[in-house]
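# Observations on chain architecture
Listed here are the chains, written in short residue letters.
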Protein chains: 2
Amino acid sequence: MLETDSTPGGSTMTAPAAESAAALSPALSIPDFIAHWQGHRDLTRRVIEAFPDDQLFTFSLGGMRPFGAQATEIHLVDAMTVTALRTGGWTEPDWTAGPGTKVDLLAVWDAVSAELAEHGPHTDPAFFNQMHALPWGEMPGWVAAIYAVDNEIHHRAQGYVSLRALGIEPPAFHER
Amino acid sequence: MLETDSTPGGSTMTAPAAESAAALSPALSIPDFIAHWQGHRDLTRRVIEAFPDDQLFTFSLGGMRPFGAQATEIHLVDAMTVTALRTGGWTEPDWTAGPGTKVDLLAVWDAVSAELAEHGPHTDPAFFNQMHALPWGEMPGWVAAIYAVDNEIHHRAQGYVSLRALGIEPPAFHER
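As the structure is a prediction and not an experimental result, all values here were calculated from the model.

Of the regular secondary structure elements, chain A holds 4 helices and 3 strands. Shown N-terminal to C-terminal, the secondary structure of chain A runs as helices and strands in the order β-α-α-α-β-β-α. Across the 176 residues of chain A, 60% fall into the buried class. If you take every contact in chain A between residues at least 6 apart in sequence, the share linking residues at least 24 apart comes to 75%.

Set out below in structure tokens:
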């Protein structure tokens, strides 16, 4: 199901700088990061909603997967990451599973957003500097967490192209 | 030049959580953030390089701008943000300016990456929590800084679609 551009591959992920220690020169707080991610999740939700029901899982561009399949992958990566923030554990999801309709996709989307809102701000600060064993390699918690956001922006942007090709104006990128 | 999905618009940007104070629960360090951004800049550079010289500023999909125009906008936003990290000042660039060839685009790209590598890790930690007056509104430094990365991922992903439509395999998304 995964395309070459969508599967993280381990040791080539962004490595933290050698002097990495958030306490020394913090760029942002955990609640800031969670709010940032939720803003992206809200925007992606609007992109999903913007697709006609009968095009979300069928319309394809450039030989790529329909946006419904990409959004399902975003959901699975996000859900795994939100669970990891809470438990520290990373369990690879069944990539072939997932909702097959817009209604079902939005329902699981909202459930993960609610879990992130409830537990995300209380993530153990140690999570971000510790190394974590993900299905696609070992990396610091910060790199693993921001990967979920990056993956979401990347695939959602491809959904923007599909919407434009369908003649639909996508939601404004800057509105979170 | 800017499309609806590409121009930040002020008050609707992600707001920081009320309890925001990086020192209380840091999610990442400044060097980590700079390394993360440089990884994205390296990837975007490879995406620019992957375009045939004669398609970078001409090939269009779904009525959208060619990737050369999008990459130029990424460059201008990044350059403005890198300067702000160093000086605290935000001067809106001339959006109609910019390199018109792949060689020139890569040259200015490398210059900004070098500036980010030299000065970015030494950004004043206060930058990230202070409010900043950007051309598109007032926002905390963290939100302004991550917007540059988000904008880059968003437009680059649309370049991926163009590359696939041109029959070219894009660089792997996870390799930074």
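This part takes up the packing of aromatic side chains. Residues and elements named next belong to chain A. Counted according to the given criterion, the structure contains 18 aromatic pairs over all chains. Each residue in the set F33, W37, W90, F127, F128 and W142 is aromatic and connected to the rest through ring pairs, giving one cluster. A cation over a ring is seen here: R41 above W109, with NZ or CZ 4.3 Å from the ring centre.

Let us look at helix α4 (residues 141–165) of chain B. With 25 residues, α4 of chain B ought to run about 36 Å at 1.5 Å a step, and its terminal C-alpha atoms sit 37 Å apart, in line with that. A large share of α4 of chain B lies buried, amounting to 24 of its 25 residues.

Turning to the side chain of H75 of chain B, a few remarks are in order. Its location among the elements puts H75 of chain B in helix α2 (residues 67–87). Leaving out residues up to four positions away in the same chain, H75 of chain B has contacts with L105, V108, W109 and V112 of chain B.

Residue and element names in this part refer to chain B. One pass over the full model with this rule turns up 14 salt bridges over all chains. When the shortest N-O distance is used, the salt bridge between R41 and D78 registers 2.7 Å. With R41 in helix α1 (residues 30–50) and D78 in helix α2, this residue pair connects regions lying 37 residues apart in the sequence. Between E73 and R65 there is a salt bridge, with its nearest N and O atoms 2.9 Å apart. The exposure class of E73 is buried, given its relative accessible area of 1%.

Turning to the packing of α2 of chain B against helix α3 (residues 102–119) of chain B, a few remarks are in order. Residues and elements named next belong to chain B. Relative orientation of the contacting elements α2 and α3 amounts to 25 degrees, with a least axis distance of 10 Å. As summarised for this structure, α2 and α3 are arranged roughly parallel, according to the angle between their axes. Between α2 and α3 lies a crossing of left-handed hand. Residues A71, T72, I74, H75, D78, A79, V82, T83, L85 and R86 of α2 form the contact with α3, whose participating residues are L105, V108, W109, V112, E115, L116 and H119. Here the contact of α2 with α3 is composed, by residue class, of 10 nonpolar, 4 polar and 3 charged.

Its location among the elements puts S29 of chain A in strand β1 (residues 26–29). Side-chain polar atoms of S29 of chain A contact the backbone nitrogen of D32 of chain A, separated by 3.1 Å.

A separate point is the pairing of strand β2 (residues 131–134) of chain B. Residues and elements named next belong to chain B. Only one face of β2 is covered, namely the face carrying H132 and L134; the face carrying M131 and A133 is uncovered. Where β2 and strand β3 (residues 137–140) come together, 4 bridges link them in antiparallel fashion. The partner of H132 across the bridge, within β3, is M139. Count of turn residues in the β2/β3 antiparallel hairpin: 2 residues.

Calculation criteria
- Residues numbered from 1 in each chain as written.
- Chains lettered and ligands numbered in written order.
- Predicted model: local features only at pLDDT ≥ 70, side-chain atom pairs only at ≥ 80, totals over all residues.
- Heavy atoms only, no water.
- Helix = DSSP H or I, 4+ residues; strand = E, 2+ residues; numbered from the N terminus.
- Buried < 20%, exposed > 50% of the residue type's maximum accessible area, 1.4 Å probe, protein only.
- Contact = heavy atoms within 4.5 Å.
- Phe/Tyr/Trp six-rings, centres within 6.5 Å; stacked < 30°, edge-to-face > 60°.
- Lys NZ or Arg CZ within 6 Å of the ring centre and 35° of its normal.
- Expected span 1.5 Å × (residues − 1).
- Salt bridge = Lys/Arg side-chain N within 4 Å of Asp/Glu carboxyl O.
- Axes fitted to C-alpha atoms, helices over the stretch in contact; angles between N-to-C directions.
- Parallel < 35°, antiparallel > 145°, perpendicular 65-115°, else oblique.
- Left-handed = near helix turned anticlockwise from the far one by under 90°.
- Nonpolar A, V, L, I, M, F, W, Y, C, P; charged D, E, K, R; others polar.
- Polar contact = N/O pair within 3.5 Å; in protein donor to acceptor, adjacent residues only side chain to side chain.
- Pairing = 2+ DSSP bridges.

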